[in-house]
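One-letter residues, chain by chain:
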Amino acid sequence: MSWVETANEQGNPFPLQNLPYAVFRSAGTDETFRIGVGIGDKILDLTALGQSEVARASRLNIPESLYASTLNDFMAEGEAIWSSTRKALFGVLRQGSLYEIEISDCLIDQSNAEYALPAMIMDYTDFYASIDHATNIGKLFRPDNPLMPNYEWVPIAYHGRSSSIVVSGEPIVRPKGQIRSSIDAPPHVSASEKLDYEMEVGLFVGAGNQRNVPISIDEAEQHLFGICLLNDWSARDIQAWEYQPLGPFLGKNFATTISPWIVTMQALAPFRISMKHKGERTILPYLSSDREEANCVIDMHLDVSVQSAKMKVEGVPPKRLGQSNFKYSYWTPAQMVAHHTLNGCNLRPGDLFGSGTMSGPGPDQTGALIEVTKGGELPVQLSNTESRRFLEDGDTVFLSAWCEKDGYRTIGFGECNGTIISVAEPV
Ligand code: MN
């Protein structure tokens with residue numbers, strides 16, 4: 001239990017057991033962005049905490065890397081420091097802590113905050129780790145041969161664009177691009193008419209590795225700092241024309257939305273489960289580890305819904321279009337790290353991985369509209385009066401996630417949403 005009352009309320013995503021990190025400031029001000037920890041409906045300002053009399057007097061054990069505008073330096077510290085800091089913050093925020101009366105002015109309401117990206121993200125890699133998504137998409141393009149022969153061996157990914165990663169709430173401008181609507185006509189440039197979302201899990205790298213020094217599967221998890229939500233916005237018409245032979249480019253690199261909060265691997269520890277495919281498949285040795293496979297998957301519920309502009313006006317709640325779970329991932333976080341560095345590629349603190357669209361095996365466990373509508377063929381009903389093949393201007397996409405288990409407090413990941421707005425000028 002925490003002395004921050006809202007943290008103890010059933011259903012609050014940020015109980016004492018979570019303690020996610022974000023970079024924030026008071027909304028509408030030009031204050032410096034700083035690192036905070038989510039607790040109930042509040043943010044604990046770590047810079048203010050560090051400067052408090054009580055923190056100095058009690059020699060609070062949190063590192064100076066937390067008095068910063070990004071989490072990169074703290075991410076670089078590694079597991080031992082992340083754990084000791086978690087323990088120290090637990091002590092500050094638990095019920096009966098001597099901090100309660102001393103640091104109430106270090107707390108601000110989440111409703112009065114605005115967020116920046118939690119880290120300076122220098123590299124972003126998007127995986128393709130849901131075999132169900134890969135199969136669903138493969139069926140649309142290659143009905144006879146949906147899954148490529150490399151899929152069960154290689155954790156497939158492409159290098160994405162980090163400059164256009166934005167934090168939840170940033171509007172998403174409908175991208176223009178080169179589109180070929182018919183094989184009888186040349187391509188033209190216009191606004192995408194097949195704009196889509198992709199429900200993904202984002203993984204932040206903590207401590208990096210030196211170039212030419214691969215990270216082994218058994219050490220891989222120590223290099224992961226935490227998890228956020230990620231929406232890999234995708235223009236399917238641009239993508240379809242450009243993707244061969246080198247993969248995604250302008251169909252993807254106009255925007256990626258992440259949630260501002262990072263839930264740490266320590267907070268996720270109770271929600272780990274064994275690999276579904278354990279023992280049923282052959283994996284190359286560098287991706288295989290008994291220790292890893294016993295406890296390597298995170299049971300994390302995922303949920304995507306869409307609300308149109310009209311639904312907002314009429315007070316109709318967002319319509320859920322898919323529900324899935326990170327446990328369906330064919331490749332684990334550790335396998336992603338081990339594979340990414342096998343050739344000596346160096347990861348750096350703050351690097352971001354996307355899991356790939358995290359669809360599950362069931363018909364309602366779809367993480368992208370292209371799957372829900374079978375490539376836009378079968379419109380999906382949003383409300384009594386509206387349906388969608390792809391996203392329209394004014395649509396807001398909401399991702400949410402939570403981890404639950406008997407005997408444990410449920411923890412959440414905060415908001416990850418974005419609203420589509422039209423291109424500023426006609427092409
Ligand atoms: Mn993706």
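As shown above, the structure is provided for reference.
Nothing here was measured: the structure is a model prediction, and the numbers come from that model.

Things to note about the overall build of the protein
In terms of regular secondary structure, the protein is built from eleven helices and 27 strands. Taken over C-alpha atoms, the radius of gyration comes to 22 Å for the protein, in line with the 22 Å a tight globule of 427 residues would show. Reported as C-alpha extents along the three principal axes, the dimensions of the protein are approximately 75 × 55 × 40 Å. Out of the 427 residues belonging to the protein, those deemed buried represent 54%. Partitioning the intrachain contacts of the protein with sequence separation of at least 6 by distance along the chain shows that 74% fall at a separation of at least 24. Separation of charge centres in the protein, based on 34 positive and 52 negative side chains, amounts to 3 Å.

Comments concerning a negative patch on the surface
Negative charge collects at one region of the surface, where Glu5, Glu9, Asp41 and Glu100 lie side by side. By the secondary structure assignment, glutamate 5 is in the segment before strand S1 (21-26). On the basis of relative accessibility, which here comes to 55%, the residue glutamate 5 falls in the exposed class.

Let's talk about the sheet that holds strand S3 (residues 42-45)
Across the sheet, which stays open at both edges, the five strands sit in the order S4-S3-S2-S1-S5 with antiparallel pairing between neighbours. At either end of the open sheet lies a strand with only one pairing partner, and these are strand S4 (107-109) and strand S5 (113-116). Ignoring which end each strand starts from, the neighbouring axes of this sheet average 50° apart. Strand contacts of helix H4 (residues 79-93): S1, strand S2 (34-39) and S3, with the helix running at about 115° to S3, the strand carrying the most contacts.

Reading guide: rules and limits
Residues numbered from 1 in each chain as written. Predicted model: local features only at pLDDT ≥ 70, side-chain atom pairs only at ≥ 80, totals over all residues. Heavy atoms only, no water. Helix = DSSP H or I, 4+ residues; strand = E, 2+ residues; numbered from the N terminus. Rg over C-alpha atoms; globule rule 2.2 N^0.38 Å. Buried < 20%, exposed > 50% of the residue type's maximum accessible area, 1.4 Å probe, protein only. Contact = heavy atoms within 4.5 Å. Lys, Arg positive; Asp, Glu negative; His and termini not counted. Charge placed at Lys NZ, Arg CZ, Asp CG, Glu CD. Patch = residues over 30% accessible without salt bridge, like charges linked within 9 Å, V, L, I, M, F, W, Y side chains within 5 Å. Areas by Shrake-Rupley, 256 points an atom, 1.4 Å probe, with all protein chains shown as cover. Salt bridge = Lys/Arg side-chain N within 4 Å of Asp/Glu carboxyl O. Pairing = 2+ DSSP bridges. Axes fitted to C-alpha atoms, helices over the stretch in contact; angles between N-to-C directions.

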